[in-house]
Amino acid sequence: MTTPAEEAAVIIRSRRDAGAIDAAIILGRAFFGIADLGERVASFSYSELPGFPVAPGVEDGEFIISQIDGLTTAILKGRSTFYETGDPSLMSTPLETMALLGVRNVLCTGLVLSVQADLVPSSIVMVTDHINFTGLNPLIGAAAGGKATVNMNDAYDKRLLRRIKTAAATAGVAVHDGVLMWFSGPSFETPAEAKVARQLGADIFGWTIVPEAILARRYGLNFAGVAVVTDFGAGFSNGNPNADITRGPAVAGVVATKRLMRSFVRMR
């Protein structure tokens, strides 16, 4: 009996023999402009691919194979989030499909809040580690056989982080390191919660990236998270978060991330 990921991989291969795919980039809605990088050579609606999420936030999700400066890259335009669905595991099949297609490296984008004075709005932060503050895990209830019990040491691949730093320097984009704390959303965190995040060692916090990191670990994928700071956390440096991602700092960070991603693809 085939799994949904195996079926999805067959469909993708039947329409386009992409050859080696070095990296896949997972895009939240704020980062959809990155999907325009390069030349699109094949695309699939998530609804065409068994097991891919068709849920709030990803109704128009697409799996795209692009040639970026002659290099084949997979782009997942849209991702399911816990705060929209109540299920942290819905990106499991897409990530398993990436592994079956031979993808080695996965970059996941996200928006975060900061509790560090030097991580100002518009900053780009490479996630070096995370704190799961939710009590949730996308592997709860996953198939037995050891696949749900994974080692999270070096969950954020050091070679990928070095590659991102090199790409950032080449693109003229400043990047920072930071520890991410995962909250469930969709309500923004209170000043007390932001204070706890800082006290426990987090530099940034948000509602995404961590589930994908756990799932990537399960499927043996090298993983990195790239986050854009939209605001300071409530109660910190006059932070007053809101959901308007069209404001200047958020947009500036997303535009810089697009330059970073193009440079990253060239660095294989």
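Structure shown above.
Please read these numbers as outputs of a predicted model, since none were measured by experiment.

(A) Focus on the pattern of salt bridges. With the rule as written, the count across this model stands at twelve salt bridges. Here Arg163 and Asp22 are joined by a salt bridge, their closest N and O atoms 2.8 Å apart. Taken together, the residues Arg163 in helix α4 (residues 158-171) and Asp22 in the loop between α1 (4-15) and β1 (23-27) connect sequence positions 141 residues apart. Here Arg163 and Asp22 have matching classes, each one buried. Several salt bridges share partner residues, and in doing so they unite Asp22, Arg104 and Arg163 into one network.

(B) How the structure looks around the side chain of Ser123. By the element assignment, Ser123 lies in the loop between β5 (105-114) and β6 (124-132). For Ser123, the side chain forms a polar contact with the main-chain oxygen of Val120, separated by 2.7 Å.

(C) Structural detail: the packing of aromatic side chains. This model, assessed by the stated rule, comprises eight aromatic pairs. Considering the side-chain rings of Phe44 and Phe63, the 6.1 Å spacing of their centres and the 40 degrees angle between planes classify their relative orientation as tilted. A residue pair is termed long-range when its members are at least 10 positions apart, and Phe44 in strand β2 (residues 39-45) and Phe63 in strand β3 (residues 62-68) qualify at 19 residues. No difference in accessibility class separates Phe44 from Phe63, as the two residues are buried. Between Phe133 and Phe183, the aromatic rings sit 5.1 Å apart at their centres with planes inclined by 55 degrees, giving tilted as the arrangement. Here Phe133, found in the loop between β6 and α4, pairs with Phe183, found in the loop between β7 (175-182) and α5 (191-199); they are 50 residues apart in sequence, far enough to count as distant. Geometry around Phe264 places Arg163 over its ring, the cationic atom sitting 3.9 Å from the centre.

How each quantity is defined
Residues numbered from 1 in each chain as written. Predicted model: local features only at pLDDT ≥ 70, side-chain atom pairs only at ≥ 80, totals over all residues. Heavy atoms only, no water. Salt bridge = Lys/Arg side-chain N within 4 Å of Asp/Glu carboxyl O. Helix = DSSP H or I, 4+ residues; strand = E, 2+ residues; numbered from the N terminus. Buried < 20%, exposed > 50% of the residue type's maximum accessible area, 1.4 Å probe, protein only. Polar contact = N/O pair within 3.5 Å; in protein donor to acceptor, adjacent residues only side chain to side chain. Phe/Tyr/Trp six-rings, centres within 6.5 Å; stacked < 30°, edge-to-face > 60°. Lys NZ or Arg CZ within 6 Å of the ring centre and 35° of its normal.

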